[in-house]
Amino acid sequence: MPHFDLVIIGSGSGNSIRDERFADWNVAVVEKGIEGSYGGTCLNVGCIPTKMFVHTADVTSTPSSGTKLGVDLELRDARWRDIRDRIFGRIDAISEGGRRYRAEGEPTVTLVEGQGRFTGVKEFTVDGADGRQVLTADRFVVAAGGRPVIPDIPGIESVGAHTSDTVMRLESLPPRMIILGTGFVATEFAHVFSGLGVDVTLIGRSGRVLRAQDEDVSARFTELAEQRWDVRLDRKELDVERVDGVTRLHLDGPDGPEVVEAEELLVAIGRRPNTDLIDSAAGGLDTAADGKITVDATQRTSVDGVWALGDVSSAFELKHVANHEMRVVQHNLLHPDEPIESDHRFVPHAVFSSPQIASVGLTEQQAREHGVRYVTKIQDYGDIAYGWAMEDTTGFAKLLADPATGKILGAHIIGAQAPTLLQPLVQAMEFDIDARRMARGQYWIHPAMPELVENALLGLPLD
Ligand SMILES: Cc1cc2nc3c(=O)[nH]c(=O)nc-3n(C[C@H](O)[C@H](O)[C@H](O)COP(=O)(O)OP(=O)(O)OC[C@H]3O[C@@H](n4cnc5c(N)ncnc54)[C@H](O)[C@@H]3O)c2cc1C
Ligand SMILES: NC(=O)c1ccc[n+]([C@@H]2O[C@H](COP(=O)([O-])OP(=O)(O)OC[C@H]3O[C@@H](n4cnc5c(N)ncnc54)[C@H](O)[C@@H]3O)[C@@H](O)[C@H]2O)c1
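Residues numbered from 1 in each chain as written. Chains lettered and ligands numbered in written order. Predicted model: local features only at pLDDT ≥ 70, side-chain atom pairs only at ≥ 80, totals over all residues.

An unreviewed UniProt entry annotates the protein chain as Mycothione reductase of Allosaccharopolyspora coralli.

Here's what the structure looks like:
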């Protein structure tokens, strides 16, 4: 193998680093494949397919939301194989096209397929179909992502448990599914599979679903989740077994030991960085207590000339953050004497379950813990005109602001179109527009859903 100008490990956000500005750089991209696919988590097993399934599940809820409006509809069938094959028919083609372009598209780019690991500082050894290849380079970008955590429950390796990597490709829908975890992945898949007719049991260790969200949002989501799914909280897993095609999970809970049963088990208890797979220690890369590669604000690691980005190093496991950090690394590779820093001040996220949740900035519990002075306003969808149209009784927007300046400190929305409604609040925070100016310095289309945000802003009890 020649010595490269740049080696990129990982084809998720790392795949976008090399653009026309790097035309005369000799670049290698290393990718092992996720379930055999090129292009990383978001494209193949993350954001994109999940949201295609979520939208489909949203459509299945039309009959139930129609009833209260006086419209009687009937859901006749959800054709799983057609749903699955439509989604992956699109995604697999994009993934394969991306792989082919990387392999053949540019003469100065080499695609190295196989799993690699550092075998020295700026030396990466890949074992793949072409045998063992040792890559050296002036610069490395580590964009190796993460993977689902498998819990240490006795019997787990013998029950055929699924993770988000595999569950979207099931051959058929099971009648019942146990979902272990109550975070992003668990609640999005609970919505998807229950929307398609599967009986879902959700298992959590704490007393709340989505407990990292603002406390009012998490409390409302938990209340609604309990109406829709069999939610078992404050549980501890004891062991798990597979008997006659049924997975039996033994739990200990507030009422003592119990067993839950289902044809499929989905494990969704968080992700771990792939630092062990790449042997970051052999590459001289420092890692933090959570196993992630340590980077400074310019995405530099502890080794000069080695950058890291995305899930392998970031506190945020979100695609828009991985992409932002990728653009910072791009700039810093091209302009090492004028480095820029990643901006992690106002990172929003959304949970695409039902109802949807979107959030940016401080939660109320964080504001309290940090001793920040704040006021809040909770604005119900039910008290705006579009909420009347939808007959919404559960959604709300919650804002936290500095009482003296009106500066928006946090925004949390639970309900229809929450991510879309949140975006202007992200913009206000990023560009330092205070609550008063945001509310009264512009027109708000009447009677559209963003009036939820307008009324929340106007209702803040500022000094
Ligand atoms: C089910 C699910 C849904 C999600 N939904 C959303 C969402 O709606 N919105 C959002 O913002 N985020 C979402 N995320 C998170 C998002 O997918 C990730 O934050 C993002 O994809 C991380 O990108 P990355 O480039 O850091 O890593 P990845 O995309 O994971 O890329 C890392 C690549 O490195 C490769 N690799 C790793 N180790 C090696 C090795 N040793 N040798 C060779 N190659 C290697 C991997 O195969 C992989 O292709 C979701 C995640 C999941 C799991
Ligand atoms: N819409 C989105 O942006 C989106 C969607 C999916 C995933 N993601 C990203 O992927 C990351 C991983 O998602 P996730 O849902 O796997 O993790 P998560 O951190 O959101 O939730 C995992 C949950 O599982 C719980 N848990 C841990 N061990 C457990 C055990 N043994 N039994 C029961 N519960 C246990 C944790 O306490 C936590 O509440 C997220 O943090 C998010 O950044 C984002």
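Still more to cover.
Some details on the UniProt feature "binding site: NAD(+)" (unreviewed entry) in the protein chain
Definition in use: UniProt positions are given in the numbering used here, feature names are shortened, and annotations may be inferred rather than shown by experiment. Every helix listed is a DSSP run of H or I at least four residues long, and every strand listed is a run of E at least two residues long, numbered separately from the N terminus. Each residue gets a C-beta atom placed from its backbone, and two residues are in contact if those atoms lie within 7 Å.
The UniProt record annotates "binding site: NAD(+)" (unreviewed entry) at Gly181, Thr182, Gly183, Phe184, Val185, Ala186, Thr187, Glu188 and Gly270. These residues run over 90 residues, yet every pair of their C-alpha atoms falls within 13.3 Å of each other. Looking at the element boundaries, Thr182 is found in the loop between strand 7 (176-180) and helix 5 (184-195). If you trace the backbone, Val185 turns up in helix 5. Residues within four places of Val185 in sequence aside, it is in contact with Ser164 and Ala268.

What about the site of ligand 1?
Keep this limit in mind: Using a C-beta atom placed from the backbone, a residue is described as near a molecule or strand when that atom lies within 6 Å of it. The classification used treats Ala, Val, Leu, Ile, Met, Phe, Trp, Tyr, Cys and Pro as nonpolar, Asp, Glu, Lys and Arg as charged, and all other residues, Gly among them, as polar.
Taken together, 38 residues surround ligand 1, and among them Gly10, Gly12, Gly40, Gly145 and Gly310 come closest. Looking at the shell around ligand 1, the elements with two or more residues in it are strand 2 (27-31), helix 1 (40-45), helix 2 (47-60), strand 3 (109-120), helix 7 (275-278) and helix 8 (319-334). For the shell around ligand 1, a count of residues per class yields 14 nonpolar, 17 polar and seven charged.

A few points about the site of ligand 2
Taken together, 23 residues are adjacent to ligand 2, and Gly183, Phe184, Val185, Ile269 and Glu317 come closest. Where the shell around ligand 2 is concerned, the elements lending two or more residues are helix 5 and strand 16 (349-351). Across the shell around ligand 2, the residue classes tally to 12 nonpolar, six polar and five charged.

Brief notes about the packing of helix 2 against helix 4 (residues 80-104)
Heads up, the condition is: Every axis corresponds to a line fitted to the C-alpha atoms, with the helix fit spanning only the stretch in contact, and the corresponding angles, defined between N-to-C directions, vary from 0 to 180 degrees. Two helices that cross are described as forming a left-handed crossing if the nearer one is turned anticlockwise from the farther one by less than a right angle, and a right-handed crossing if clockwise.
Between helix 2 and helix 4, whose axes approach to 10 Å, the crossing angle comes to 145°. The hand of the helix 2/helix 4 crossing is right-handed. For the pair helix 2 and helix 4, contact is made by Ile48, Pro49, Met52, Phe53 and Thr56 and by Ile83, Ile87 and Ile91, respectively. Looking at the contact of helix 2 with helix 4 residue by residue, the class counts come to seven nonpolar, one polar and no charged.

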